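An overview of the molecular structure
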Amino acid sequence: MLSMDGVSKTFFPGSVNERRALVDLDLRLDTGDFVTVIGSNGAGKSTLLNAVAGRIPIDSGRIDIDGTAVNRLKEHRRARYVGRVFQDPMAGTAPDLTIEQNLSLALLRGRRRGLARGVTKKRRVRFADELATLELGLENRLKAKVGLLSGGQRQALSLLMAGFTHPRVLLLDEHTAALDPQRAALVTTLTGRIVEQGGLTTVMVTHNMQQAIALGNRLIMMHEGRIVFSADEQTKKTLTVEALMAEFGKIKGATFDDRAMLG
Ligand SMILES: Nc1ncnc2c1ncn2[C@@H]1O[C@H](COP(=O)(O)OP(=O)(O)OP(=O)(O)O)[C@@H](O)[C@H]1O
Ligand SMILES: [Mg+2]
């Protein structure tokens, strides 16, 4: 479904600021696989997602989604394949548009031109149904501007928007990090539900080890642009925070946040 072969990316090559963000990276996901990605700051996690989404060009290697070499496609042409939710709740939605307008845009995203724009009656019913599953009461606020929603509500909405277009690959980059513990827990639960219902192939970056273990069927740990530890479905079932900590400990010079470890 998603395969990355020998993908490398260096920022500012040959300068004093040179950063090797991805180093000859291989990753292969089957349809419905849900991999969580952990690693210290600057490990290359976001770069990995940006490479898949086409936000940044890669230097070498190949990225295939469903047999299509997407690394040759521009970011907007990949929108059909890729859905994503960012860490920043403000990033995924348009604040000046209403909830239903945002949902309409999500529906149109990546579709062929010619599909009617705007909010039809039929769509409105569908939106209300989808929103009701979030259990945040948003189904009664279809005409409210998204800018009025809380961060958690916006993240839940972003997730719904990313999910209901049925992307081949869903990319989540610390999408619960900016939320309070209660909202983070809600969005985490939603994530599991939306991914499962849609059978979505998913890559989720998180600094929360508990969450990295709880969600998905696979896990990778990155360091300095490489995958330094990988747990398959079987291994992941018995994985503990302590075991992950031990793996982290093996990486010389790796540092990370104590609170995130305990999360
Ligand atoms: N657009 C960019 N321009 C220049 N350098 C970049 C860019 N994006 C990332 N980098 C560099 O690439 C390396 C990997 O960054 P990346 O954002 O992928 O790390 P990360 O694992 O997501 O870290 P964090 O946990 O802090 O989000 C870092 O050294 C970073 O400074
Ligand atoms: Mg990042």
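Anything mentioned here points back to the structure above.
Just so you know, these numbers come straight off a predicted model, no measurement behind them.

Of the regular secondary structure elements, the protein holds 10 helices and 10 strands. Projecting the C-alpha coordinates of the protein onto the three principal axes gives extents of approximately 55 × 40 × 35 Å. Expressed as a percentage of the 263 residues in the protein, the buried residues total 50%. Summing over all exposed atoms, the protein offers an accessible surface of approximately 13,100 Å²; the carbon and sulfur share of this is 49%. Positive and negative charge centroids in the protein, built from 37 and 28 side chains respectively, lie 9 Å apart.

Take helix H6 (residues 181-198) next. Between the first and last C-alpha of H6 there are 26 Å, a value that for 18 residues agrees with the 26 Å anticipated at 1.5 Å per step. Looking at the buried positions of H6, the neighbouring elements they touch are strand S3 (34-39), helix H5 (151-164), strand S7 (169-173), strand S8 (201-205) and helix H7 (209-214). Its side-chain oxygen 3.0 Å from the backbone nitrogen of Gln182, Asp180 forms the N-cap of H6. Gly199, located one to two residues past H6, shows a positive phi value of around 55 degrees.

A separate point is the sheet that holds S8. Reading across from one edge, S6-S7-S8-S3-S9-S10 is the order of the six strands in this open sheet, with mixed pairing throughout. Edge positions in the sheet fall to strand S6 (82-85) and strand S10 (226-231), since each has one partner strand and no second. Strand-to-strand twist of the sheet, defined as the mean angle between neighbouring strand axes without regard to direction, takes the value 20 degrees. Here S6 pairs with S7 via four bridges, running parallel. Paired with Val82 across the strands is Val169, a residue of S7. Contacts from H5 reach S6 and S7, with the element oriented near 175 degrees to S6.

Turning our eyes to something else, we now look at the environment of Ala214. With respect to the element layout, Ala214 can be found in helix H7. Look at Ala214 and you get exposed, because its relative accessible area is 62%. For Ala214 and Gln101, which are 113 residues apart along the polypeptide, the C-alpha to C-alpha distance reads 33 Å.

On to unusual backbone geometry. In this structure, Asp66 is a non-glycine residue whose phi angle is positive, near 55 degrees. Take Asp66: it is sitting in the loop between strand S4 (60-65) and strand S5 (68-69). Non-glycine residue Glu135 carries a positive phi angle of around 55 degrees. Turning to its location among the elements, Glu135 is positioned in the loop between helix H4 (121-132) and H5.

Analysis parameters
Residues numbered from 1 in each chain as written. Chains lettered and ligands numbered in written order. Predicted model: local features only at pLDDT ≥ 70, side-chain atom pairs only at ≥ 80, totals over all residues. Heavy atoms only, no water. Helix = DSSP H or I, 4+ residues; strand = E, 2+ residues; numbered from the N terminus. Buried < 20%, exposed > 50% of the residue type's maximum accessible area, 1.4 Å probe, protein only. Areas by Shrake-Rupley, 256 points an atom, 1.4 Å probe, with all protein chains shown as cover. Lys, Arg positive; Asp, Glu negative; His and termini not counted. Charge placed at Lys NZ, Arg CZ, Asp CG, Glu CD. Expected span 1.5 Å × (residues − 1). Contact = heavy atoms within 4.5 Å. Polar contact = N/O pair within 3.5 Å; in protein donor to acceptor, adjacent residues only side chain to side chain. Pairing = 2+ DSSP bridges. Axes fitted to C-alpha atoms, helices over the stretch in contact; angles between N-to-C directions.

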